[in-house]
Amino acid sequence: MTNNISDKDKKDWNKFINSTEKLPNKDFKHQKNKNLKERSIDLHGYSLDEANKTIEDFINKAFSENVNKLVVVTGKGLHSENEKDPYVSKDLSILKYSVPEFINNNAGLMKMINEITDAKIEDGGGGAFYIFLKKNKSIK
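Residues numbered from 1 in each chain as written. Predicted model: local features only at pLDDT ≥ 70, side-chain atom pairs only at ≥ 80, totals over all residues. Heavy atoms only, no water.

Asks: I keep staring at the overall build of the protein chain and nothing clicks. Help me out?
Replies: Counting its secondary structure elements, the protein chain contains 5 helices and 4 strands. Secondary structure elements of the protein chain, listed N to C terminal, follow the sequence α-α-β-α-β-α-α-β-β. The buried share of the protein chain, reckoned over its 140 residues, is 29%. At a minimum sequence separation of 6, the contacts of the protein chain that also span at least 24 residues come to 64%. (Helix = DSSP H or I, 4+ residues; strand = E, 2+ residues; numbered from the N terminus. Buried < 20%, exposed > 50% of the residue type's maximum accessible area, 1.4 Å probe, protein only. Contact = heavy atoms within 4.5 Å.)

Encoded structure:
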């Protein structure tokens, strides 16, 4: 390598290397600009097993219909039955954390998913999240 690198380039390179910011996925950025087909589901009142089975079916159906964005409302666990169980932390909201974990640990579902992010306040804020699905290439 040559020593003809400007101080500005060195400074920019160091800033880039030391940054904790994630690099944006260019392909996903372009997908966001299109009109998104969106579906939502509310899992309030579901048991953990019911919620996991329901979300798996929901993602599979949405992917087959070429839906781009899913809004999943789990709630914050404020009114869950956890309070009555002395062995469960009152701070733990079962669905809020368990459903995304179930999805992340399911290799079949993750093959269909581009990204999972927190929801905006108007879609449920801390009690909801978004799933952005990949394009189903088998559908023309």
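Asks: Explain the sheet that holds strand β2 (residues 69-73) here, please?
Replies: Reading across from one edge, β1-β2-β4-β3 is the order of the 4 strands in this open sheet, with mixed pairing throughout. Edge positions in the sheet fall to β1 (38-42) and β3 (113-118), since each has one partner strand and no second. With direction set aside, neighbouring strand axes in the sheet form an average angle of 20°. As paired strands, β2 and strand β4 (residues 128-133) are joined by 5 bridges and run antiparallel to one another. By the bridge assignment for β4, V73 is matched with A128. Running at roughly 170° to β1, helix α3 (residues 48-64) makes contact with β1, β2, β3 and β4 of the sheet. Of the strands in this sheet, β3 and β4 are in contact with helix α4 (residues 94-104), which crosses β4 at around 20°. (Pairing = 2+ DSSP bridges. Axes fitted to C-alpha atoms, helices over the stretch in contact; angles between N-to-C directions.)

Asks: When you look at the packing of aromatic side chains in this model, what are you seeing that I'm missing?
Replies: How two aromatic rings sit relative to each other is given by the distance of their centres and the angle of their planes. Following the criterion strictly, the structure yields 2 aromatic pairs and no others. Summarising the aromatic geometry, the rings of W13 and F16 are spaced 5.6 Å apart at their centres and angled 35° between planes, so their arrangement reads as tilted. Placement of the pair is W13 and F16 together in helix α1 (residues 7-18), with a separation of 3 residues, close to one helical turn. F16 sits in the partly exposed class, given a relative accessible area of 44%. Just above the ring of Y130 sits the side chain of K69; from NZ or CZ to the centre is 4.3 Å. (Phe/Tyr/Trp six-rings, centres within 6.5 Å; stacked < 30°, edge-to-face > 60°. Lys NZ or Arg CZ within 6 Å of the ring centre and 35° of its normal.)

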